[in-house]
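What follows is the residue order along each chain.
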Amino acid sequence: TLCCFQVIRCRAAVAWAVGKSLSIEEVEVAPPKAGEVRVKIVSAGICCTDTHVLGGLFPNIEFPIIPGHEGAGIVESIGEGVTYVKPGDKVIPLCIPQCGECSFCLNPDSNYCIKSHLSEPQNLMPDKTSRFTCKGKQIHHFLWTSTFSEYTVMPEYAVARIDAATPLEKVCVLGCAFPTGYGAAINTAKVKPGSTCAVFGLGGVGLSVVIGCKVAGASRIIAIDINKDKFAKAKELGATDCINPKDLTKPIQEVLTEMTGYGVDYSFEAIGNKDTLVGGLS
Ligand code: NAD
Ligand code: ZN
């Protein structure tokens, strides 16, 4: 239908330059080209990685950019040759795509598709152009997701189709925080029943680690954060002890050793702070 070829005007949160806060702008979102889909984003989550983008921590990110990589939405239109989804389908944008053909996608031990940003910067669509403009300027995509826009365009292989009955405001965390944290406990660390775990940082990622440790049968889950407001949620999800390092007079690693005898079996860093990593090793 004709609508598929129309530019959509909508609101998006644009980061114009490193160190600048997001500003809500009216943007134009071009129609999807061959192999691409345009999605109406219904819900988006804020991951700390988006904050790292604003702070200029990624060397290969180009500004201006529309960040956001956690989200859920509804396919609005599809480009030529798209068969995986149709308009009206509910989808989750994937910041790590799934081309299904590269050696990483075909390897059962990995899912780090080689089309991901480590090999191919996802600041432009695969044809090296952008679908976003604002005030006459080209705006970059982020990880091919840019979920901080009411409409976004993605390659077909960067969305996962989900059940029509799914509540989009709940599943948006499946785009990043939950698989990162839960997968770290279940797939990467392979936490064993009866073990003791420490989780540093209780944001979306850390809380998902707590869930993973509990599901894996850990008998003690020590949750650590400098913000005590995070503790109620952590306990609800399975943390057995909550510690605020600010309340301590000695280093957290000494306290953990005293609490456990020899230290924990598994330790997870879900802050993104190199000092925490170094402290955990000393
Ligand atoms: P978040 O900001 O929601 O949560 C971080 C938590 O750490 C906060 O609760 C904060 O109070 C706490 N914290 C900060 N400094 C601390 C300290 N010194 N000691 C103890 N707690 C401290 O962040 P998030 O969205 O959960 O992301 C966490 C990290 O994971 C970020 O660095 C993010 O970039 C990274 N991340 C990586 C991946 C991936 O590798 N696939 C995916 C998502 C997020
Ligand atoms: Zn993320």
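Keep in mind the model is a prediction, meaning the values are calculated, not measured. (Residues numbered from 1 in each chain as written. Chains lettered and ligands numbered in written order. Predicted model: local features only at pLDDT ≥ 70, side-chain atom pairs only at ≥ 80, totals over all residues. Heavy atoms only, no water.)

> Honestly, the UniProt feature "domain: Alcohol dehydrogenase-like C-terminal" (unreviewed entry) in the protein in this entry has me stumped. Any pointers?
Sequence positions flagged by UniProt for "domain: Alcohol dehydrogenase-like C-terminal" (unreviewed entry) are, in local numbering, residues 204-277. Here residues 204-277 runs as 43% helix and 16% strand, with 19 Å between its end C-alpha atoms. (UniProt positions renumbered as here; feature names shortened; annotations may be inferred. Helix = DSSP H or I, 4+ residues; strand = E, 2+ residues; numbered from the N terminus.)

> Explain the site of ligand 1 here, please?
Neighbouring ligand 1 are 19 residues, the closest being C48, T49, H52, D225 and I271. Here K230 contributes a side-chain N or O atom positioned 3.2 Å from an oxygen atom of ligand 1. One of the backbone N or O atoms of I271 is found 2.9 Å from an oxygen atom in ligand 1. Notes on ligand 1: free accessible area 870 Å², of which the protein chains cover 71%. Counting residues per element, the ones that place at least two in the shell around ligand 1 are α1 (48-54) and α5 (204-215). Per-element accounting of the shell around ligand 1 gives the leading share, 3 residues, to α1. For the shell around ligand 1, the class distribution of residues is 8 nonpolar, 9 polar and 2 charged. (Near = heavy atom within 4 Å. Polar contact = N/O pair within 3.5 Å; in protein donor to acceptor, adjacent residues only side chain to side chain. Areas by Shrake-Rupley, 256 points an atom, 1.4 Å probe, with all protein chains shown as cover. Nonpolar A, V, L, I, M, F, W, Y, C, P; charged D, E, K, R; others polar.)

> Just checking my understanding: could you explain the sheet that holds strand β6 (residues 132-134) for this structure?
For sheets, the rule is that strands pair by backbone hydrogen bonds, running either parallel or antiparallel. Taken together, the 4 strands give an open sheet; going across it, the order is β1-β2-β6-β7, and neighbouring strands pair in antiparallel fashion. Strand pairing shows two members of the sheet lacking a second neighbour, β1 (8-14) and β7 (137-139), which therefore form its edges. When the angles between neighbouring strand axes are averaged without regard to direction, this sheet yields 45°. Note: β6 against β7, 3 bridges, orientation antiparallel. Residue pairing for β7: C134 is matched across the bridge by K137. (Pairing = 2+ DSSP bridges. Axes fitted to C-alpha atoms, helices over the stretch in contact; angles between N-to-C directions.)

> Even after reading the chapter, I still don't get the pattern of salt bridges, so can you show me in this structure?
Pairing between side chains becomes possible if they bear opposite charge and their charged atoms approach one another. Summed over the entire model, instances satisfying the criterion amount to 12 salt bridges. The closest approach of N and O atoms between K228 and D229, which form a salt bridge, is 3.9 Å. The shortest N-O distance in the salt bridge between E236 and K233 comes to 3.7 Å. Placement of the pair is E236 and K233 together in helix α6 (residues 231-237), with a separation of 3 residues, close to one helical turn. (Salt bridge = Lys/Arg side-chain N within 4 Å of Asp/Glu carboxyl O.)

> Please explain the side chain of E36 as it appears in this structure.
Tracing the backbone through its elements, the reader meets E36 in strand β3 (residues 36-45). Here the side chain of E36 touches R131 through a polar contact of 2.8 Å, side chain to side chain. When near neighbours in sequence (up to four residues on either side) are disregarded, E36 contacts I78, G79, V82, M125, R131, V153, M154, P155 and E156. (Contact = heavy atoms within 4.5 Å.)

> Looking at this structure, I do not really get unusual backbone geometry. What am I missing?
Both trends apply: most residues other than glycine have a negative phi, and most peptide bonds are in trans. In this structure, P64 follows F63 across a cis peptide bond, with omega equal to -10°. In this fold, P64 is placed in the loop between α1 and β4 (70-78). Backbone geometry at W144 places phi at a positive 65°, although glycine is not the residue there. Summarising the element assignment, W144 is placed in the loop between β7 and β8 (151-155). Classification of W144 by relative accessible area gives buried; the value is 0%. Within the chain, S146 stands out as a residue other than glycine whose phi angle is a positive 45°. Position of S146 among the secondary structure elements: in the loop between β7 and β8. (Buried < 20%, exposed > 50% of the residue type's maximum accessible area, 1.4 Å probe, protein only.)

> Looking at this structure, how should I read the sheet that holds strand β13 (residues 266-269)?
Here 4 strands make up an open sheet; going across it, the order is β12-β11-β10-β13 and the pairing parallel. The outermost strands of the open sheet, each flanked by one partner alone, are β12 (241-243) and β13. Across the sheet, the mean angle from the axis of one strand to that of its neighbour is 15°, orientation sign disregarded. Relative to strand β10 (residues 196-200), α5 is tilted by about 170°, and along the sheet it contacts β10, β11 (220-224) and β13.

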